[in-house]
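Listed here are the chains, written in short residue letters.
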Amino acid sequence: MLKKILSVLTLSLVALGAAASPTAPKEGADYQVLPTPQPTDSGKKVEVIEFFAYWCPHCNTFDPSLSAWVKKQGDNIVFKRVHVPYNERLAPQQKLYYTLESMGLADQFQPKVLKALHEDRQDFTRDEAVFDWVAKNGIDRAKFSDTYRSFGVAGKIRRAGAMMESYKVEYWPLLVVDGRWQVSPSLTGQANKELDTEAKQQAATLQVLDALVAKAKAEKK
C-alpha cells in the first residue's frame with residue numbers, strides 16, 4: 001500500500017511539473033492566449049512586443065537580460081517596445097521614450113534612461129527636467145523638444161493607449177509573441193512555484209519566449 005501511495009504521489013508531482021515548464025510551456029500556465037489575435041507586419045520573422053514603463057522597477061531589472069535575449073535572437077524576431085501610459089505626473093517619461101524612438105535613439109538610450117531613473121534618481125516628471133537631461137547626454141535640445149511636442153509623438157502615445165486595450169495589457173513588463181501569446185515574469189512565477197525570486201522568474205520567462213518564438217517560426221514556414 002505504501003508503495004502505491006508513493007507511486008501516486010510521484011505521478012502527481014510529474015503531472016504538476018508537466019503542467020508548467022518554461023522549456024515546454026503550457027497554455028494557460030506559462031503563457032496566455034489573446035482572445036483576439038492581433039495583426040503583425042514582421043513577415044517571416046516573429047514579432048515580439050514588450051509593454052513596459054521607464055519608471056517600473058520590474059521592467060528595469062528585466063531589461064538587461066531581455067536586451068541580451070533580443071540580441072541573441074538576431075534575425076529570428078522583430079522586437080518592439082510599447083511604453084504604457086499611466087498618469088499625468090509620469091507622462092513626460094512616456095513622451096521621452098517616444099521622442100527617442102522617433103529620433104532613432106530609443107535602443108541606444110534605454111539603459112541610460114533606466115540608470116538615470118533607478119540609480120541616479122532623476123526626476124523625469126517635468127518636461128524641462130527631461131530636456132536638461134537629454135542635452136547633458138549629447139542630444140540636441142531644440143531638436144528633441146520640437147520632436148517631443150510634435151504630432152508624431154502625440155500619435156504614438158495615442159496608439160500605445162489603444163494597443164493596451166487590444167492586447168489586454170493590465171500589468172507590465174508583459175510580452176506578446178506573434179500577436180497571439182502573452183508572456184511575463186509574474187505569470188511564469190505563478191505557474192512555477194519553485195521560481196521564488198524575480199531573477200528566476202525572469203530567466204524562466206526567457207525560456208518560455210524561446211519556445212514560443214520557435215513555435216511561431218515553425219508555423220510560418
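This text follows the structure it describes.
First, a word on what this report is: a plain description of the structure on this page. These numbers were taken from a predicted model, which means no experiment stands behind them. (Residues numbered from 1 in each chain as written. Predicted model: local features only at pLDDT ≥ 70, side-chain atom pairs only at ≥ 80, totals over all residues. Heavy atoms only, no water.)

Focus: the overall build of the protein
From N to C terminus, the protein includes nine helices and five strands. For the protein, the C-alpha atoms occupy an extent of roughly 80 × 40 × 30 Å along the three principal directions. Residue burial in the protein is summarised as follows: out of 221 residues, 43% are buried. Long-range pairs, those at least 24 residues apart, make up 70% of the contacts in the protein between residues at least 6 apart in sequence. (Helix = DSSP H or I, 4+ residues; strand = E, 2+ residues; numbered from the N terminus. Buried < 20%, exposed > 50% of the residue type's maximum accessible area, 1.4 Å probe, protein only. Contact = heavy atoms within 4.5 Å.)

A closer look at the pattern of salt bridges
For the structure on display, the rule yields 15 salt bridges. When the shortest N-O distance is used, the salt bridge between Glu-128 and Arg-141 registers 2.7 Å. Placement of Glu-128 in helix α5 (residues 127-136) and of Arg-141 in helix α6 (residues 141-148) is noted, with a sequence separation of 13 residues between them. What makes Glu-128 partly exposed here is its relative accessible area of 38%. Arg-141 sits in the partly exposed class, given a relative accessible area of 31%. Taken together, the salt bridges that share partners define one network made up of Asp-178, Arg-180, Lys-215, Glu-219 and Lys-220. (Salt bridge = Lys/Arg side-chain N within 4 Å of Asp/Glu carboxyl O.)

Regarding the packing of α5 against α6
At a closest axis distance of 9 Å, the pairing of α5 and α6 adopts a crossing angle of 140 degrees. In terms of orientation, α5 and α6 fall into the oblique class. Regarding α5 and α6, the two cross each other, and that crossing is right-handed. Contact with α5, carried on its side by Asp-127, Glu-128, Val-130, Phe-131, Asp-132, Val-134 and Ala-135, involves Arg-141, Phe-144, Ser-145 and Tyr-148 of α6 and no other residues of that element. For the contact of α5 with α6, the per-class residue count stands at six nonpolar, one polar and four charged. (Axes fitted to C-alpha atoms, helices over the stretch in contact; angles between N-to-C directions. Parallel < 35°, antiparallel > 145°, perpendicular 65-115°, else oblique. Left-handed = near helix turned anticlockwise from the far one by under 90°. Nonpolar A, V, L, I, M, F, W, Y, C, P; charged D, E, K, R; others polar.)

Quick word on the sheet that holds strand β4 (residues 174-177)
Spatial ordering of the open sheet is given by β1-β5-β4-β2-β3, a layout of five strands whose pairing is mixed. Each end of this open sheet is capped by a strand with a single partner; those strands are β1 (32-33) and β3 (77-83). As paired elements, β4 and strand β5 (residues 181-183) share three bridges and run antiparallel to each other. Each bridged residue has a counterpart across the sheet, and for Val-176 the counterpart in β5 is Gln-182. Against the sheet, helix α2 (residues 57-73) makes contact with β2 (46-52), β3 and β4, and its axis sits at roughly 160 degrees relative to β3, the strand it touches most. (Pairing = 2+ DSSP bridges.)

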